Amino acid sequence: MSSPVAISNPVTRRWAEALYEVAQKANAVEDIQRDTERLSSEVSSPAVAAFLFGSSVSQEVRLSKFEPLLNELHPKTQSFVRLLFERRRLDVLTGIGQAFKEKVYAETGRVEGICEVVRPLSDEDLSGLEESVGRRLGKTVVLSQRTVPELIGGVRVIVGARLFDASVQGRLEKLRERLMSSPLPS
Amino acid sequence: MDLRPAEVTSILEKEIEGFSQDSGMQSVGTVLSVGDGVARVYGLDDCVMNELLEFGDGVRGVALNLEEDNVGCVLLGSATKVKEGQQVKGTGRIISVPTGPQLLGRVVNALGDPVDGKGPLGTSEEDLRPIEQPAPSVVERQPVDTPMQTGIKAIDAMIPIGRGQRELIIGDRQTGKTALLIDTILSQKTTGGGDPENPSQVICIYVAVGQKQSTVVDIVKRLEAEGAMKYSIVVSASAIDEASMQYLSCYAGCTMGERFRDEGRDVVIFYDDLYKQALAYRQVMLLLRRPPGREAFPGDVFNLHSRLLERAARLSDEAPKINPRYKAGGGSLTALPVVETQEGDVSAYIPTNVISITDGQIFLEGSLFNAGIRPAVNAGISVSRVGGAAQIPPMKKTAGSLRLDLAQYRELQAFAQFGSDLDAATQRKLTRGERLVEILKQHQYQPVEVADQVMVIFAGTSGALDSILASDVREFEKQYIAYMHDTHPEAAEAIRTAKKDIPDEVKAQLKAAADVIKKQMGA
């Protein structure tokens, strides 16, 4: 079952925070964010993951295979990956893209969210929704869409640990609860 | 239940009209792991301690561990309905139960949901109260001074309980602990004629923790048959319920009682039993990975019981002026917790904890029970630390020497087994003791009204019974009480309202009655 909220590991989060500080000092937040996202997507393929996280190959060989990719990255990202190799924390690479993005978003007052709909919304509607939800949260909200036919109608927006339910399904649910708990005339 | 379609439509109409269009903001999280009745949830950013969570499908949970990146919660319902990755909604309210007079006569679970098949309770949103409440402060209380009659001679005479007191009932299994509670509930009928509307009627709340469901059914049936259910609430968290429900049920019951207490009523609550509650709490806390202490109980198991029992109180008449939470002053909540011991070991962890919290304890002993002394109260080691002030004066005067006489009797009894040559004084003490033990025996479900108790104990302590056989004492008691009711119906009231001792003319009547009955019985 896919979860509506992305869960980042606390260890990865700490590494991402440190990397963000470094990136900010080097004035290269955008470059490094691109790098981390690239790293995470590279690592996500099963073949690469087996090679990197398996124990059949020595640390040096693994690093050497990584060199060509590393050379294309920002110098700070390079040192980050080398440090991960040294500390044997390679698993951090899987989630670093998401964690770094979250950190950047948090710093800039932006949050990601999911908008569940029955039919895809037009870009105009979506940005209107982003704005109204953002106003209630006091943040800039970036929504991505997902089609959930069970909603019957309306929208349901999930931003972090908040849920705005304006779907027909949610209302029917609420009505059901109220009807079940209202006393019967005797 | 018979329903007409038109009625259903009208309810629907009303509900739909009042239905708000607001799509409120909710706090949500995702289930990370679930098992053994606990779940870990990611998200729920602004979750508070003890918040009620909705897992969907009617399963609810309580947040108990707020950690850096997850919330540990216990499930109140079937864990098999909860899946990993499932959405969890925060309700934004501390776990609460419905309270109020609508609950009287009902059987509810730890969340206040009815389980007796009699339909919804009909309570409103305003009747919900959080199950964890602070206990009344020092200034909001007043000393215990009104008796809480249990209807059991041995207790009312020697270990008196006052309204607002906490008296522990402790003993092994099968020693009559629950029977004692049921008798106490039945006895409360005398306070207000069994009418819950009557302000002087004592409200009874029975919390069954980890009991067999058959036992709970038996109790409810018995209370219904005796007309005692009208002024009682049964909170049932039986052995089949989740451990979380079992440990929360005591607080739920207490909250229901507090509502009446805060409105100026007198309430008595029975926790049957706190040992099982501690076991349930231990289970939940170990699953939540809280560090175990002695006997693997968590470190706060003492506080678990002390904060519950502290909520028993006699409120001061001025309480509403101090704290607007109290609608009327002078109410009380008496707590009678039960602790089951294993093999009579009262020095085990939980029993010693609860003994130190309560204002006294009633020991029930298996050996006495088996010797036919029922209720099997061991008067020697049972105490009531505050109840003495709460006895009616004639009882205090009459029963004053009872404890001492019985203690001397037990001492001599041990001696008397060795030799047959006993002096007259010793013989007399033995005879007296034997008869006193006899008058303190009582049948189950037959509570005795306090004035009748005074009459019987007066007959015992004044020596009127010394000349009849010990085996005839109970027959004598029956006829003697009946005779007094017939010939001097005003005597009972005179005893109840007496300021000091039994009035002299009543004493004379009692003596005469004893002589008449003794003659009738051919002694």
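Residues numbered from 1 in each chain as written. Chains lettered and ligands numbered in written order. Predicted model: local features only at pLDDT ≥ 70, side-chain atom pairs only at ≥ 80, totals over all residues. Heavy atoms only, no water.

Caption draft 1: Molecular detail of the overall build of chain A. Looking only at helices and strands, chain A has eight helices and four strands in total. Counting from the amino terminus, chain A carries its helices and strands in the arrangement α-α-α-α-α-α-β-α-β-β-β-α. What you see for chain A is a C-alpha radius of gyration of 22 Å, clearly larger than the 16 Å of a compact globule of 186 residues, by over 25%. Expressed as lengths along the three principal axes of its C-alpha atoms, the size of chain A is roughly 80 × 35 × 30 Å. The buried share of chain A, reckoned over its 186 residues, is 39%. Intrachain contacts of chain A at a sequence separation of at least 6 include 66% that bridge at least 24 residues. Total accessible area on chain A is roughly 10,600 Å²; 51% of this is exposed by carbon and sulfur atoms. Taken together, the 26 basic and 25 acidic charged side chains of chain A have centroids lying 5 Å from each other. (Helix = DSSP H or I, 4+ residues; strand = E, 2+ residues; numbered from the N terminus. Rg over C-alpha atoms; globule rule 2.2 N^0.38 Å. Buried < 20%, exposed > 50% of the residue type's maximum accessible area, 1.4 Å probe, protein only. Contact = heavy atoms within 4.5 Å. Areas by Shrake-Rupley, 256 points an atom, 1.4 Å probe, with all protein chains shown as cover. Lys, Arg positive; Asp, Glu negative; His and termini not counted. Charge placed at Lys NZ, Arg CZ, Asp CG, Glu CD.)

Caption draft 2: Region of interest: the UniProt feature "site: Required for activity" (unreviewed entry) in chain B. Residue and element names in this part refer to chain B. Mapped onto the present numbering, the UniProt feature "site: Required for activity" (unreviewed entry) falls on Ser382. Tracing the sequence through the fold places Ser382 in the loop between helix H11 (366-370) and strand S17 (383-384). Among all residues touching Ser382, those that are not within four sequence positions of it are Ile159, Gln361, Ile362, Phe363, Val377 and Arg403. There is a polar contact of 2.9 Å between the side chain of Ser382 and the backbone nitrogen of Phe363. (UniProt positions renumbered as here; feature names shortened; annotations may be inferred. Polar contact = N/O pair within 3.5 Å; in protein donor to acceptor, adjacent residues only side chain to side chain.)

Caption draft 3: Here's a closer look at the pattern of salt bridges. All names here are of chain B. For the structure shown, the criterion picks out 38 salt bridges over all chains. Between Lys177 and Glu340 there is a salt bridge, with its nearest N and O atoms 4.0 Å apart. Pair noted here: Lys177 is in helix H3 (residues 177-187) and Glu340 is in strand S15 (residues 332-340), with a separation of 163 residues, a long-range link. Owing to a relative accessible area of 19%, Glu340 belongs among the buried residues under this scheme. As a salt-bridge pair, Asp466 and Arg432 come within 3.1 Å of each other at their nearest N and O atoms. (Salt bridge = Lys/Arg side-chain N within 4 Å of Asp/Glu carboxyl O.)

Caption draft 4: Region of the structure containing unusual backbone geometry. The linkage connecting Asp272 of chain B with the following residue, Asp273 of chain B, adopts the cis geometry, with an omega of 0°. Along the polypeptide, Asp273 of chain B turns up in the loop between strand S13 (266-272) and helix H7 (274-287). Following Arg374 of chain B, the chain continues to Pro375 of chain B via a peptide bond in cis, the omega torsion being -5°. Structurally, the position occupied by Pro375 of chain B is in the loop between H11 and S17. Although it is not a glycine, Asn27 of chain A sits at a positive phi angle of roughly 60°. For Asn27 of chain A, the position within the fold is in the loop between helix H1 (10-25) and helix H2 (29-43). For Asn27 of chain A, a relative accessible area of 69% corresponds to the exposed category. Positioned with a positive phi, Leu44 of chain B is a non-glycine residue whose angle comes to about 50°. Position of Leu44 of chain B relative to the elements: it lies in the loop between strand S2 (38-43) and strand S3 (51-54). Residue classification places Leu44 of chain B among the buried residues on the basis of a relative accessible area of 2%.

Caption draft 5: Representation of the UniProt feature "domain: ATPase F1/V1/A1 complex alpha/beta subunit N-terminal" (unreviewed entry) in chain B. UniProt's entry tags residues 25-92 of chain B with the feature "domain: ATPase F1/V1/A1 complex alpha/beta subunit N-terminal" (unreviewed entry), counted in the numbering of this structure. In the segment residues 25-92 of chain B, helix accounts for 0% and strand for 59%; the C-alpha atoms at its two ends are 11 Å apart.

Caption draft 6: Summary view of the nonpolar core. All names here are of chain B. Ranked by internal contacts, the top residues of the largest apolar core, which has 72 residues, are Met158, Leu223, Met455 and Tyr480. The greatest single-element share of this core, amounting to eight residues, is contributed by helix H15 (residues 450-461). Mapping this core onto the domain boundaries places at least three of its residues in each of domain 2 (98-391) and domain 3 (396-520). Once residues within four sequence positions are removed from consideration, Met455 is found in contact with Tyr480, Ile481, Met484, Ala491, Ala492, Ile495 and Leu510. Counting residues in each nonpolar core, the second largest holds 59 residues, with Val209, Tyr271, Ile350 and Ile355 among its members. (Core = buried A, V, L, I, M, F, W, Y, C linked by side-chain atoms within 4.5 Å. Domains from an automatic or database assignment.)

Caption draft 7: Quick peek at the packing of H15 of chain B against helix H16 (residues 473-487) of chain B. All names here are of chain B. Following both chains from N to C, one finds H15 and H16 inclined at 125°, their axes separated by 10 Å at the closest point. Between H15 and H16, the angle is such that the two are oblique. The hand of the H15/H16 crossing is right-handed. Counted together, Asp452, Met455, Val456 and Ala459 of H15 and Phe476, Glu477, Tyr480, Ile481, Met484 and His485 of H16 form the full contact between these two elements. Class assignment of the residues belonging to the contact of H15 with H16 gives a composition of seven nonpolar, one polar and two charged. (Axes fitted to C-alpha atoms, helices over the stretch in contact; angles between N-to-C directions. Parallel < 35°, antiparallel > 145°, perpendicular 65-115°, else oblique. Left-handed = near helix turned anticlockwise from the far one by under 90°. Nonpolar A, V, L, I, M, F, W, Y, C, P; charged D, E, K, R; others polar.)

Caption draft 8: Up close: the domain arrangement of chain B. Residue and element names in this part refer to chain B. Here chain B is partitioned into domain 1 (27-94), domain 2 (98-391) and domain 3 (396-520). A straight line from the C-alpha centre of domain 2 to that of domain 3 covers 31 Å. At the junction of the two partners, domain 2 supplies 29 residues and domain 3 supplies 22 residues. Considering only the side of domain 2, the residues that lose the most area to domain 3 are Lys153, Met158 and Asp183, jointly responsible for 34% of the buried surface there. For the pair domain 2 and domain 3, the number of links is one salt bridge. Residue Lys153 is joined to Glu477 by a salt bridge in which the shortest nitrogen-to-oxygen separation is 2.6 Å. Looking at the side of domain 2 that touches domain 3, the elements that each hand over two or more residues are helix H2 (153-158) and H3. (Buried area = accessible area lost by both parts, 1.4 Å probe.)

Caption draft 9: Representation of the domain arrangement of chain A in the model. Residues and elements named next belong to chain A. According to the domain assignment, chain A consists of domain 1 (10-106) and domain 2 (109-181). On a C-alpha basis, the centres of domain 1 and domain 2 stand 33 Å from each other. Contacts between domain 1 and domain 2 engage four residues on the former and four residues on the latter. Of the roughly 400 Å² buried where domain 1 meets domain 2, counting both sides, 42% is carbon and sulfur surface. Looking at the side of domain 1 facing domain 2, the largest losses of area belong to Lys101, Tyr105 and Ala106, adding up to 91% of the total buried there. Counting the contacts that link domain 1 with domain 2 gives one salt bridge. For the salt bridge of Glu112 with Lys101, the shortest nitrogen-to-oxygen distance reads 3.2 Å. Taken together, domain 1 and domain 2 are joined by four residue pairs in polar contact (both at pLDDT 80 or more).

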